[in-house]
Amino acid sequence: MSSAVAEPELAAQFEATVRRKDRIEPRDWMPDAYRKTVVRQVAQHAHSEIIGMQPEGAWIGRAPSLRRKATLLAKVQDEAGHGLYLYSATETLGVSRQHLTEMLIAGKQKYSSIFNYPALSYADVGTIGWLVDGAAICNQVPLCRTSYGPYGRAMIRICKEESFHQRQGYELLMTMMRGTDEQRAMVQESVDRFWWPALMMFGPPDDASPNTEQSMAWGIKTHTNDELRQRFVDMTVPQAEALGVTLPDPDLVWNEERGAHDFGQPDWDEFWDVVKGSGPCNAQRIAHRKRAWDEGAWVREAAVAFANANDEEVPA
Amino acid sequence: MSSAVAEPELAAQFEATVRRKDRIEPRDWMPDAYRKTVVRQVAQHAHSEIIGMQPEGAWIGRAPSLRRKATLLAKVQDEAGHGLYLYSATETLGVSRQHLTEMLIAGKQKYSSIFNYPALSYADVGTIGWLVDGAAICNQVPLCRTSYGPYGRAMIRICKEESFHQRQGYELLMTMMRGTDEQRAMVQESVDRFWWPALMMFGPPDDASPNTEQSMAWGIKTHTNDELRQRFVDMTVPQAEALGVTLPDPDLVWNEERGAHDFGQPDWDEFWDVVKGSGPCNAQRIAHRKRAWDEGAWVREAAVAFANANDEEVPA
Amino acid sequence: AQELAAYCLQLGDDALILSQRLSEWCSRAPDLEEDIALANIALDLLGQARLLLARAAAADPSLVPALPEGSPVPPEDALAFFRSDREFRNVCLVELPNGDFAETICRVLVFSTYRLALFQRLTAHPDAVLRAVAVKGLKELAYHRDFAGRWFLTLARGTEESRRRLEAALAQVWAYRHELGDDQDAEVVLEQVLATSGVAAPGVRPVSTVGGHTEHLSRLLAEMQVVARAHPMGLW
Amino acid sequence: AQELAAYCLQLGDDALILSQRLSEWCSRAPDLEEDIALANIALDLLGQARLLLARAAAADPSLVPALPEGSPVPPEDALAFFRSDREFRNVCLVELPNGDFAETICRVLVFSTYRLALFQRLTAHPDAVLRAVAVKGLKELAYHRDFAGRWFLTLARGTEESRRRLEAALAQVWAYRHELGDDQDAEVVLEQVLATSGVAAPGVRPVSTVGGHTEHLSRLLAEMQVVARAHPMGLW
């Protein structure tokens, strides 16, 4: 968008800010490519929060205790809140929530592929909290120091809530493991389904992730996919042991020398299939979101009409 | 519609046919008022079959055994079939199913008020079969000899199937009564709710039923409301005893002198409220029918377009 | 104590069932702000339900359904998840399917207005627990009513479509208003909201609620209770 | 015997779940003739399911869920009503919500075409019961396929809207076709139906069915099983 007129001084300032690990703020000059990358990443993150309401949201109505129902309802509500902050961050760059929602519904923007896997039992509510929110936190904690100010500040708030959700999920699984044999089997079955998709959440291996380098140079991203994946595995293995579940990876073993776990690779073909739209729930998730958005159109229109009418009545 | 020109000979023929208890056929001359009355009554009967699919239909998905599921699905399907015959009978008088459906949806034609009561448990499937179909049969068996030919012939077929349904319903209740205490309580609770509405199915007491006399003179109706109600009570009391349920009427007692049961009066205020639209399910039933009809519009239009296109292709 | 228990059960069931309906909006509301607000209302009502069911169970333990020996299910959950539809004491109004956003707004408006007026009186109830529930609920219900009232006005004055939908929705809800009892205070408030919005009170006949419940409750409970009932010995 | 039982269970579950979905149309179809026809198809499939579940139970009684001592629930019902969603063996295709009439027509068309081809082969199966089920099913499935095929043609050639809906519906169903296995015979028949109707085979990627089921099955079972499960000692 910016004209061809070079602005070397502004560019130098931008570079210096990023190098100092200071924040870029909405009114600061920034390269177009940086702006686009931030918008893309924040939008994808916002969409993930909103689409991510669906798999867990489907279980609110069936929560097996009133306490768990309240916890789950509040959690899914928090996800809506996260979506709200993140869309606000894109709005600081002049991109509206409405526009982004339309892009999402049209299939032109992505969200985290993990939400294309179905939530098939109440144990999945716990597993999503433990593994999916756990992986999200590994991805997101470094983003609290991301170079774009509004995004970084949104992440601080989000990460705090996500850790809370992660602990809640883990606690649900812990409780279920102290319950009946059927409950323990439900937990194991759920972990079996979510382990590999959770590892995929860090994105493809570094050698297949072309955007990582530029994003790191700009301070948008601060660690590579493989670094974060390793961190997640090392963090999760002892939790799985404490819980009493088996992680479904025969290659998972502590490597004394590296001081880290060796582990197998997810099925990257499956990963790309899901990214390309063939996951178990891609169509369902978008259809659900589209339906809600379309059915709400008359309400949003009424709100706009009402606000406009009031603006006219009350002179500025 | 017929002009003021008297057709005394035709009228005399019509009267004679009715008096002989012969059938009036679609092409026969008939008084306008007779035609209107037949259309009104047959339409109301057809609507009752179609609306009557809803309370029982709601339990097909929850039938507690596969055998009962098949029985119930077949029964509700039969009701659709009855609707089909009866709308065909009105079509012999030049009134289309589409027109009548639109009248029904617009709230301009009635259906049996019994279907404005909710079906709240699986026992209701049995009770509707036993009491509601039972009352319907009492009403309908005499209609097999009704003066309008197509209506009478439809009734013969319908009555045969209704008796079958009634026996099925009674058999379900019998089986449940041999089950658990909860099941027996469900049956009693269901009978308590349906007894009075079933008595109302025969219409208001004779002294409050202004149309009865003319309908009887025309051979459309062959018994008064109170006669049929008495017949139903006398038929049902021994069945209730065999079943082991109590009918919720403290005044119900055998009258040796009359050779019939004395019994209490239903709450006729409630009856008129329900007729006027305030029953528990009036709005729900019409909304359900309207929604199905509206959502099916594009399909019916496609069928018409397809048929028309084919007619054009194939010269007559 | 039995009377108190029955009363708490009735108030608790109203809150529980409406909460269940409102939570169906989650991820389906017209925009994120309403998604969050409806979840908030559902959460508040769920909180009221838990306190009230627990009070009912304490006041009359015979109300609590029997569970297998050793079951860890607490009384509030036994009441919520192991009663049959015939044992629920809520009004039909809260069972009805959500319908569109206008129907939800009208239901929340009418329900919370009546409940607020009731809770104001309950702050003087002889039972200390019920009194505490009422005190805590006042602020919540005022928020619910105001949220619904603002949207009522917005839809009334918004577009032709929103006006049409609002009026149809109000008529549906209005037909069940008699279930909430006569309440001068609530009626006055509703009259004001309608007057401010320029909407006439619908001239609808009250719907009969003989039978106690609609056909919708058993379906609602089929969903709500399915996991809990599959695991009567489960720990959650 | 275990293999036979597992196979019968899979075939039975497909029929049972699709029957359940089709019966949801009851009182909701575009016109009475379709209401009756869809109920008929649902009844036929339910009949197939009963025979197949009974055969599965006979071939491997260990498949049948345990019920309380003295429960009168027959094996076919124990399998239908007392298994959890994880134990159902049906394809995802039959679990999907009905959608509009076009989606139902496309699903019935694809499902019955594949099943008809399969049943033709099963008439030579070593198990006499399965053979008998197949023989009985042939006529039924041919009727289902022809009903769906006629409507497929009608919607394809009807109006612009019906064409648009049909194509969208076919794309959805097509994405699950791989679940039904490779079957030359069925593919040829479908190609013919599409060609006659002037509809191109959708260029959609097959949907992954890792996880075995969709999120819809547990909801479907919550409804289907609720009464039976509330009365494990019940006699119906």
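In case you missed it, the structure is sitting above this.
In this text, all values refer to a predicted model and were calculated from it rather than measured experimentally.

A closer look at the overall build of chain A
Turning to step 1, where the next piece is worked out: Looking only at helices and strands, one finds 13 helices and 2 strands in chain A.
Turning to step 2, where the next piece is worked out: Relative to the compact-globule value of 20 Å for 316 residues, chain A shows a C-alpha radius of gyration of 21 Å, a close match.
Turning to step 3, where the next piece is worked out: Seen along its three principal axes, the alpha-carbon backbone of chain A occupies a region of about 65 × 55 × 35 Å.
Turning to step 4, where the next piece is worked out: The buried share of chain A, reckoned over its 316 residues, is 58%.
Turning to step 5, where the next piece is worked out: For chain A, contacts bridging at least 24 residues in sequence account for 77% of all contacts bridging at least 6.
Turning to step 6, where the next piece is worked out: Surface exposure of chain A reaches about 13700 Å², of which carbon and sulfur atoms provide 54%.
Turning to step 7, where the next piece is worked out: Computing the positive centroid from 34 side-chain charges and the negative centroid from 44, chain A places the two 4 Å apart.

Remarks on the packing of helix α4 (residues 101–122) of chain D against helix α7 (residues 184–197) of chain D
Residue and element names in this part refer to chain D.
Turning to step 1, where the next piece is worked out: Running from amino to carboxyl end, α4 crosses α7 at an angle of 145 degrees, the nearest separation of the two axes being 9 Å. For the element pair α4 and α7, the recorded crossing hand is right-handed. Where α4 abuts α7, its residues L109, V110, T113, Y114, A117 and R121 lie against D185, A186, E187, V189, L190 and V193.
Turning to step 2, where the next piece is worked out: The residue makeup of the contact of α4 with α7, split by class, is 8 nonpolar, 1 polar and 3 charged.

Points about the packing of aromatic side chains
Turning to step 1, where the next piece is worked out: The tally for this structure, following the rule as stated, stands at 22 aromatic pairs over all chains.
Turning to step 2, where the next piece is worked out: Between W195(B) and F232(B), the ring centres sit 5.9 Å apart and the planes meet at 20 degrees, which makes this aromatic pair stacked. One end of the pair, W195(B), is in helix α8 (residues 181–200); the other, F232(B), is in helix α10 (residues 225–243), with 37 residues separating them in the sequence.
Turning to step 3, where the next piece is worked out: Ring geometry for F101(C) against W151(C): centres 5.1 Å apart, planes inclined by 85 degrees, an arrangement best described as edge-to-face. Of this pair, F101(C) sits in helix α4 (residues 101–122) while W151(C) is found in helix α5 (residues 128–157), placing the two residues 50 residues apart along the sequence. Each member of the pair, F101(C) as well as W151(C), carries the same accessibility label: buried.
Turning to step 4, where the next piece is worked out: Each residue in the set F14(A), W29(A) and Y34(A) is aromatic and connected to the rest through ring pairs, giving one cluster.
Turning to step 5, where the next piece is worked out: The ring centre of W59(B) lies 3.8 Å from the NZ or CZ of R62(B), which sits over that ring.
Turning to step 6, where the next piece is worked out: The ring of W293(B) is capped by R300(B), whose NZ or CZ atom sits 3.5 Å from the centre of that ring.

A short note on the interface of chain C and chain B
Many analyses report the size of an interface as the accessible area lost when the parts associate.
Turning to step 1, where the next piece is worked out: With 15 residues of chain C at the contact, the number on the chain B side is 19 residues.
Turning to step 2, where the next piece is worked out: Around 1400 Å² of area is buried between chain C and chain B when both sides are counted, 44% of it from carbon and sulfur atoms.
Turning to step 3, where the next piece is worked out: Our count for the contact surface shared by chain C and chain B stands at 3 salt bridges.
Turning to step 4, where the next piece is worked out: One salt bridge in this structure joins R285(B) and E215(C), with 2.6 Å as the shortest N-O distance.
Turning to step 5, where the next piece is worked out: Along the contact surface separating chain C from chain B lie 9 residue pairs in polar contact (both at pLDDT 80 or more).
Turning to step 6, where the next piece is worked out: Of the residues belonging to the side of chain C that touches chain B, the class tally is 4 nonpolar, 6 polar and 5 charged.

Topic: the side chain of S113(A)
Turning to step 1, where the next piece is worked out: Turning to its location among the elements, S113(A) is positioned in the loop between α5 (97–105) and α6 (122–140).
Turning to step 2, where the next piece is worked out: Ignoring sequence-local partners within four residues, the contact set of S113(A) consists of V274(A) and V275(A).

Some details on the nonpolar core
Turning to step 1, where the next piece is worked out: Ranked by size, the top nonpolar core spans 174 residues in total, and within it Y122(B), W130(B) and F152(D) carry the most contacts.
Turning to step 2, where the next piece is worked out: Among the elements that take part in this core, helix α2 (residues 32–59) of chain D stands out by supplying 16 residues, more than any other.
Turning to step 3, where the next piece is worked out: Beyond its immediate sequence surroundings of up to four residues, W130(B) is in contact with Q166(B), G169(B), Y170(B), L173(B), V191(B), T236(B), Q239(B), A240(B), L243(B), V245(B) and L247(B).
Turning to step 4, where the next piece is worked out: In this structure, L72(A), A154(A), F271(A) and L38(C) belong to the second largest nonpolar core, which totals 172 residues.

Topic: the pattern of salt bridges
Turning to step 1, where the next piece is worked out: Counted by the stated rule, this structure contains 60 salt bridges over all chains.
Turning to step 2, where the next piece is worked out: Between E189(A) and R86(D) there is a salt bridge whose closest N-O contact spans 2.4 Å. One end of the pair, E189(A), is in helix α8 (residues 181–200); the other, R86(D), is in the loop between α3 (75–81) and α4, on a second chain.

Focus on the environment of P97(D)
All names here are of chain D.
Turning to step 1, where the next piece is worked out: Relative to the helices and strands, P97 resides in the loop between α3 and α4.
Turning to step 2, where the next piece is worked out: Along the primary structure P97 and H216 are separated by 119 residues, whereas in three dimensions their C-alpha atoms are 7.2 Å apart.
Turning to step 3, where the next piece is worked out: Among residues more than four places away in sequence, those in contact with P97 are R21, E103, R107 and H216.

Observations concerning the packing of helix α2 (residues 32–51) of chain A against helix α4 (residues 66–91) of chain A
The packing of two helices is summarised by the inter-axis angle and the distance between the axes.
Residues and elements named next belong to chain A.
Turning to step 1, where the next piece is worked out: Running from N to C, α2 and α4 cross one another at 160 degrees; their axes reach a closest spacing of 8 Å. As summarised for this structure, α2 and α4 are arranged roughly antiparallel, according to the angle between their axes. The chirality of how α2 crosses α4 is left-handed. Along the contact surface, α2 presents V39, V42, A43, H45, A46, H47, E49 and I50, while α4 presents E79, A80, H82, G83, L86, Y87, A89 and T90.
Turning to step 2, where the next piece is worked out: The class makeup of the residues in the contact of α2 with α4 is 9 nonpolar, 5 polar and 2 charged.

Quick look at the interface of chain C and chain A
Turning to step 1, where the next piece is worked out: On the chain A side, the residues contacting the 47 residues of chain C number 46 residues.
Turning to step 2, where the next piece is worked out: Of the roughly 4000 Å² buried between chain C and chain A, counting both surfaces, carbon and sulfur atoms make up 71%.
Turning to step 3, where the next piece is worked out: Per-residue buried area on chain C facing chain A is highest for L32(C), L235(C) and W236(C); these three make up 20% of the total on that side.
Turning to step 4, where the next piece is worked out: Summed over the shared surface of chain C and chain A, the number is 2 salt bridges.
Turning to step 5, where the next piece is worked out: Between E33(C) and R97(A) there is a salt bridge whose closest N-O contact spans 2.6 Å.
Turning to step 6, where the next piece is worked out: Counting residues per element, the ones that place at least two in the side of chain C that touches chain A are α1 (2–23), α2 (32–59), α3 (75–81), α4, α5, α6 (160–174) and α8 (216–230) of chain C.
Turning to step 7, where the next piece is worked out: In terms of residue class, the side of chain C that touches chain A is built from 25 nonpolar, 10 polar and 12 charged.

What counts and how
- Residues numbered from 1 in each chain as written.
- Chains lettered and ligands numbered in written order.
- Predicted model: local features only at pLDDT ≥ 70, side-chain atom pairs only at ≥ 80, totals over all residues.
- Heavy atoms only, no water.
- Helix = DSSP H or I, 4+ residues; strand = E, 2+ residues; numbered from the N terminus.
- Rg over C-alpha atoms; globule rule 2.2 N^0.38 Å.
- Buried < 20%, exposed > 50% of the residue type's maximum accessible area, 1.4 Å probe, protein only.
- Contact = heavy atoms within 4.5 Å.
- Areas by Shrake-Rupley, 256 points an atom, 1.4 Å probe, with all protein chains shown as cover.
- Lys, Arg positive; Asp, Glu negative; His and termini not counted.
- Charge placed at Lys NZ, Arg CZ, Asp CG, Glu CD.
- Axes fitted to C-alpha atoms, helices over the stretch in contact; angles between N-to-C directions.
- Left-handed = near helix turned anticlockwise from the far one by under 90°.
- Nonpolar A, V, L, I, M, F, W, Y, C, P; charged D, E, K, R; others polar.
- Phe/Tyr/Trp six-rings, centres within 6.5 Å; stacked < 30°, edge-to-face > 60°.
- Lys NZ or Arg CZ within 6 Å of the ring centre and 35° of its normal.
- Buried area = accessible area lost by both parts, 1.4 Å probe.
- Salt bridge = Lys/Arg side-chain N within 4 Å of Asp/Glu carboxyl O.
- Polar contact = N/O pair within 3.5 Å; in protein donor to acceptor, adjacent residues only side chain to side chain.
- Core = buried A, V, L, I, M, F, W, Y, C linked by side-chain atoms within 4.5 Å.
- Parallel < 35°, antiparallel > 145°, perpendicular 65-115°, else oblique.

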